[in-house]
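This is what each chain is made of:
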Amino acid sequence: MPIVSISIPEKLLEDLEESLQERGFASRSEIIRQALRDFIMEHKDLEKFEGEIIATITIVYEKSAQKVKTLDIQHQYGSLISTFLHAHVDSSNCLEVMVVRGEAVMIRELIDSLKTSKLIQQVKVVFLGKPS
Ligand code: NI
């Protein structure tokens, strides 16, 4: 099996160690392999959709992160976003739920932009089927 070295922030490593103990994974490698499988499966699911679709995208980012950058992405794909809700997870983290409607290919682009943004910690997508 090839060995890959990665760098991750201290806090993420702490969270990883915590999950490792709580959930009974044998090693860091095992939990990372599982997370990668989940990530790849999720990506394959996204690839399945074609035509016009509706989805919700939930993002979590640190309040201190430059909101402006997050907004740039939201403005860039503004025509897809029907509405959004802003709330607070705790004193330092913001949560946004966006309702998006549009071509699957464009929604995938938006999701990828959010997922590759270093400012956004979590991105969860729920597809709600095709609009009637
Ligand atoms: Ni906020």
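Novice: Account for the confidence of the model for the chain, with residues named and values stated.
Specialist: Per-chain confidence: the chain averages 88 in pLDDT, with 95% of residues scoring 70 or above. Confidence, expressed as mean pLDDT per element, reaches its minimum in the chain at helix H3 (residues 67-76) with 77 and its maximum at strand S3 (residues 93-103) with 94.

Novice: Got a sec to walk through the pairing of S3? Specific residues and values, please.
Specialist: Pairing analysis gives 11 bridges linking strand S1 (residues 52-62) to S3, with the strands arranged antiparallel. Of the residues in S3, the one forming a bridge with Ile54 is Arg101. Two elements, strand S2 (residues 81-90) and S3, share 8 bridges in a ladder whose sense is antiparallel. Each residue of the ladder has a partner; that of Asp90, found in S3, is Asn93. Where S2 folds back on S3, the antiparallel hairpin that results is connected by 2 residues.

Novice: Break down the packing of helix H1 (residues 10-23) against helix H2 (residues 28-48) for me, with residues and values.
Specialist: Two elements in contact, H1 and H2, have axes whose closest approach is 10 Å; the angle formed by their N-to-C orientations is 100 degrees. When the axes of H1 and H2 are compared, the pair comes out roughly perpendicular. Across the interface between the two elements, Leu13, Leu16, Glu17, Ser19 and Leu20 from H1 touch Arg28, Ile31 and Ile32 from H2.

Novice: Give me the lowdown on the coordination of the nickel ion, citing residues and values where you can.
Specialist: Each donor-metal-donor angle would ideally measure 109.5 degrees in four-coordinate tetrahedral geometry, or 90 or 180 degrees in six-coordinate octahedral geometry. Protein coordination at the nickel ion: the donors are His86 (NE2), His88 (NE2) and Cys94 (SG), at 2.1 to 2.4 Å from the metal. His86 gets classed as partly exposed once you look at its relative accessible area, which sits at 37%.

Novice: Kindly report on the nonpolar core, identifying the contributing residues and their values.
Specialist: Generally speaking, nonpolar side chains in soluble globular proteins are found buried as a group. Core analysis: the largest hydrophobic core is formed by 20 residues, its most contacted members being Ile57, Ile59, Met98, Val100, Leu110 and Leu114. For this core, the secondary structure elements donating two or more residues are S1, S3, helix H4 (104-116) and strand S4 (120-127). Setting aside residues up to four positions removed in sequence, Ile57 forms contacts with Glu96, Val97, Met98, Val100, Leu110, Ile111, Leu114, Val123, Lys124 and Val125.

What counts and how
- Residues numbered from 1 in each chain as written.
- Predicted model: local features only at pLDDT ≥ 70, side-chain atom pairs only at ≥ 80, totals over all residues.
- Heavy atoms only, no water.
- pLDDT = per-residue confidence, 0-100.
- Helix = DSSP H or I, 4+ residues; strand = E, 2+ residues; numbered from the N terminus.
- Pairing = 2+ DSSP bridges.
- Axes fitted to C-alpha atoms, helices over the stretch in contact; angles between N-to-C directions.
- Parallel < 35°, antiparallel > 145°, perpendicular 65-115°, else oblique.
- Contact = heavy atoms within 4.5 Å.
- Donors = N, O, S within 2.8 Å, 3.2 Å for Na, K, Ca; no water.
- Buried < 20%, exposed > 50% of the residue type's maximum accessible area, 1.4 Å probe, protein only.
- Core = buried A, V, L, I, M, F, W, Y, C linked by side-chain atoms within 4.5 Å.

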